[in-house]
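Residue-level structure breakdown
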Amino acid sequence: MERKPQAPWKPTKAQLAAAQDKRVPDLLAKDLIVLFAGINPGLYTAAIGRHFGRPGNRFWPALYGGGFTPRLFSPFESDSLLDLHLGITNVVSRATARADELTNDELRAGGKRLAAKVKRWQPTVVAFVGIGPYRIVSGVKDASVGLQKDLFGGSHAWVLPNPSGLNAHYQPAALAKLFGELRVWAMAEHRRQEKKHSAR
């Protein structure tokens, strides 16, 4: 189903200031192949009400580069991800100017809420977009990028680097490659689970 995207727009300084502690609605549905879990919304993202909304955030190019979307989507087309069996949520729902404004306790509490969400919606994979928060939420201090040993909320857990433009450790080509590895594994696992359920 082709969804009509909202026309892109830029928030004013006043709208950005007013976005502190705002929330961005989750993109959730049953039968998701991947549920991406961001750390928390930035002010720009909260002001426009669209995940990974800030220009310069490399989530959308990495999603396209990794083969998840047929073309480069804008944040204003995020609803179309549901048609591709992809969803987005956050570990902590309130918006802040910087992710380091969140306390470890707040991240751990958000992780519990996220685990309950994952149990309810049962995506094949929950992909944490940022390794630091995953280490805090899971308690696995030496977790690295890629498939994790332990399930999270009953689903497979995968860790991706933070695609923020501030993360200089991963350039666009490296991000696209890591997103592509997740896509190949998650699609194969999703098909395997579907076969298992249909054989019952």
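Provided above is the structure to which this section pertains.
Residues numbered from 1 in each chain as written. Predicted model: local features only at pLDDT ≥ 70, side-chain atom pairs only at ≥ 80, totals over all residues. Heavy atoms only, no water.

This part is about the overall build of the protein. Looking only at helices and strands, the protein features 6 helices and 5 strands. In the protein, the succession of α and β elements from N to C terminus is α-β-α-α-β-α-β-α-β-β-α. In terms of its C-alpha atoms, the protein occupies a principal-axis envelope of roughly 55 × 40 × 30 Å. Counting the 200 residues in the protein, one finds 46% classified as buried. (Helix = DSSP H or I, 4+ residues; strand = E, 2+ residues; numbered from the N terminus. Buried < 20%, exposed > 50% of the residue type's maximum accessible area, 1.4 Å probe, protein only.)

Next up on the list: the environment of G154. Relative to the elements of secondary structure, G154 occurs in the loop between β4 (146-147) and β5 (156-160). Between the C-alpha atoms of G154 and A116, which are 38 residues apart in sequence, the distance is 9.5 Å.

The subject of this paragraph is the packing of helix α4 (residues 104-121) against helix α5 (residues 131-138). Where α4 contacts α5, the two axes come as close as 8 Å, and the packing angle between them is 75°. Relative to α5, the element α4 lies roughly perpendicular. Facing α4, whose interface residues are N104, L107, R108 and G111, α5 presents P133, I136 and V137. (Axes fitted to C-alpha atoms, helices over the stretch in contact; angles between N-to-C directions. Parallel < 35°, antiparallel > 145°, perpendicular 65-115°, else oblique. Contact = heavy atoms within 4.5 Å.)

Under the definition given, this model contains 9 salt bridges. Of the charged contacts in the structure, one is a salt bridge between D79 and R50, with a shortest N-O distance of 3.5 Å. Residue D79 is found in the loop between α3 (59-65) and β2 (86-90), and its partner R50 is found in the loop between α2 (43-48) and α3; the two are separated by 29 residues along the sequence. Judged by relative accessible area, which is 34%, D79 ranks as partly exposed. Its relative accessible area of 13% is what places R50 among the buried residues. For R94, the salt bridge is made with E106, and the minimal N-O distance between the two is 2.5 Å. With R94 in the loop between β2 and α4 and E106 in helix α4, this residue pair connects regions lying 12 residues apart in the sequence. When salt bridges that share partners are traced, they join D21, R94 and E106 into one network. (Salt bridge = Lys/Arg side-chain N within 4 Å of Asp/Glu carboxyl O.)

What follows covers the packing of aromatic side chains. Going through the model one piece at a time under the given rule, you end up with 9 aromatic pairs. Ring geometry for F52 and F59: centres 4.0 Å apart, planes at 10°, overall stacked. Comparing F52 with F59, the two get one shared label, buried. Ring pairs connect the aromatic residues F36, F52, F59, W60, F68 and F179, which therefore count as one cluster. (Phe/Tyr/Trp six-rings, centres within 6.5 Å; stacked < 30°, edge-to-face > 60°.)

As a further point, take helix α6 (residues 172-198). Here α6 spans 38 Å end to end across 27 residues, near enough to the 39 Å set by a 1.5 Å rise per residue. Taken together, the buried positions of α6 are L175, A176, L178, F179, G180, L182, A186, E189 and H190. Contacts from the buried residues of α6 go to β1 (34-38), α3, β3 (125-129) and β5. (Expected span 1.5 Å × (residues − 1).)

This paragraph deals with the nonpolar core. Judged by nonpolar contacts, the single largest core of 24 residues is most densely connected at V34, F36 and L182. In terms of residues, this core owes the most to one element, α6, which gives 5 residues. When sequence neighbours within four positions are dropped, the list of residues in contact with V34 reads F68, H85, L86, G87, V125, A127, L182 and A186. (Core = buried A, V, L, I, M, F, W, Y, C linked by side-chain atoms within 4.5 Å.)

Before going further, it helps to spend a moment on the sheet that holds β1. The 5 strands are arranged β2-β1-β3-β5-β4 in an open sheet whose pairing can be described as mixed. Two strands lie at the open edges of the sheet, namely β2 and β4, each paired on one side alone. Judged from the 2 bridges that link them, β4 and β5 form a sheet pairing that is antiparallel. Of the residues in β5, the one forming a bridge with L147 is W158. Together, β3 and β5 form the strand contacts of α5, whose direction differs from that of β5 by roughly 145°. (Pairing = 2+ DSSP bridges.)

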